[in-house]
Amino acid sequence: MANIAITTTVPVEIILAAGYIPVDLNNIFITNQQAVRLVEAAEEAGYPRNLCGWIKGLYSVVLEGDFEQVIAVTQGDCSNTHALMETYELAGIETIPFAYPFDRDYDLLKLQMDKLITRLGTDWAAVDQVKKRLDVIRKKVAKLDELTWQDNVVSGFYNHLYQVSCSDFNGNPDEFEADVDCFLKEARQAAERTEDVRLAYIGVPPIFTDLYGYIEQQGARVVFNEVQRQFSMPFEVQDIVEQYRLYTYPYGVFGRIRDIRAELERRNIDGILHYVQSFCYRQIEDMIFREKLDIPVLTIEGDKPGKLDARTKLRIDSFLEMLR
């Protein structure tokens with residue numbers, strides 16, 4: 001089966017129903033041991049330095065990988081995706097646009113899914129069957145999330161890892177499910193964790209490689225990963241169009257805030273880490289979060305992949321001390 005790359009979460013059921021292997025470029029980029037080199041390679045090709053590191057990484061991953069098609073989200077994700085698509089096309093890579101309607105209009109979203117179904121050569125019946133299969137796995141990932149914040153036996157990193165991996169199920173849902181089953185079995189037998197500060201992580205997944213580990217070294221733990229949880233589609237609905245309409249990330253910030261508020265109360269959160277990516281338009285949303293969320297917020301910014309810098313570590317340390 002051929003690979004189809006995706007620039008962010010899209011209706012993965014359609015890709016699998018059409019017999020393709022979904023590959024989330026973000027996951028390939030950030031787990032690459034030479035992620036910094038991938039960013040530099042994009043800059044050498046002509047990408048400006050004052051541009052999001054994720055976009056540059058996604059460009060190089062595709063050019064150095066085995067991809068002939070990329071599904072790119074043109075509305076509801078990064079504002080730089082349009083130009084990214086054009087540089088893919090310049091390199092001879094076929095791009096397939098997908099757009100989330102800003103106002104969450106059901107009919108417009110269904111139309112986008114219809115077009116993708118036609119483009120990939122499948123049908124709604126096959127897509128619904130794949131949804132039923134993936135929903136079984138998603139429920140297991142939801143249980144892993146519960147073990148994080150209710151039973152306190154799962155670290156913030158593994159909560160992040162398994163939920164973010166639901167964007168493409170690591171290209172193989174069966175193998176991914178087996179991995180989740182194994183992890184759940186081990187987690188249920190693990191000792192209860194004792195970190196005294198409970199944090200929420202909001203914003204896009206971090207480009208830092210050691211954030212969760214550092215936080216836990218300081219005696220705190222992330223028990224809510226906002227966007228990553230959305231990737232796991234934590235909604236029990238039969239209608240797949242409604243599922244992607246409930247998915248908060250590609251739409252307005254106020255829908256995200258309603259979701260965040262509910263989870264803050266449910267999970268007994270002490271403070272919020274808001275991660276923003278350098279040169280990303282979503283940095284503007286920080287002012288809205290600070291006004292609408294009524295518990296302390298620390299905003300941290302990342303640029304290129306790598307470990308936390310000393311200044312960010314100091315700011316995290318001070319934030320945790322203030323919360324205590």
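Residues numbered from 1 in each chain as written. Predicted model: local features only at pLDDT ≥ 70, side-chain atom pairs only at ≥ 80, totals over all residues. Heavy atoms only, no water.

- For the protein, an unreviewed UniProt entry supplies the name Benzoyl-CoA reductase/2-hydroxyglutaryl-CoA dehydratase subunit, BcrC/BadD/HgdB and the organism Propionispora vibrioides.
- Reading the Cofactor (unreviewed entry) entry of the UniProt record for the protein gives the comment "[4Fe-4S] cluster".
- In its Sequence similarities (unreviewed entry) section, the UniProt entry covering the protein states "Belongs to the FldB/FldC dehydratase alpha/beta subunit family." (UniProt positions renumbered as here; feature names shortened; annotations may be inferred.)

### Notes on the overall build of the protein
Logical step 1: Within the protein one finds 15 helices and eight strands.
Logical step 2: Since a compact globule built from 324 residues should have a radius of gyration of about 20 Å, the 19 Å found for the protein is in line with a globular shape.
Logical step 3: In the protein, buried positions account for 56% of the 324 residues.
Logical step 4: Put simply, of all contacts in the protein between residues at least 6 apart along the chain, 72% involve residues at least 24 apart.
Logical step 5: When the accessible surface of the protein is split by element, carbon and sulfur atoms take 49% of a total near 14,300 Å².
Logical step 6: For the protein, the distance from the average position of its 35 positive side-chain charges to the average position of its 51 negative side-chain charges is 3 Å. (Helix = DSSP H or I, 4+ residues; strand = E, 2+ residues; numbered from the N terminus. Rg over C-alpha atoms; globule rule 2.2 N^0.38 Å. Buried < 20%, exposed > 50% of the residue type's maximum accessible area, 1.4 Å probe, protein only. Contact = heavy atoms within 4.5 Å. Areas by Shrake-Rupley, 256 points an atom, 1.4 Å probe, with all protein chains shown as cover. Lys, Arg positive; Asp, Glu negative; His and termini not counted. Charge placed at Lys NZ, Arg CZ, Asp CG, Glu CD.)

### A look at the nonpolar core
Logical step 1: If you look at the biggest cluster of nonpolar residues, it comprises 88 residues, and the most contacted ones within it are L25, I71, Y88, Y100, L120, L199 and Y244.
Logical step 2: With sequence-adjacent residues up to four places away left out, Y100 is seen in contact with T9, V10, P11, V73, Q75, L109, Y244, Y247, P250 and Y251.
Logical step 3: Grouped together as the second largest cluster of nonpolar side chains are 14 residues, I202, V253, L293 and V297 included. (Core = buried A, V, L, I, M, F, W, Y, C linked by side-chain atoms within 4.5 Å.)

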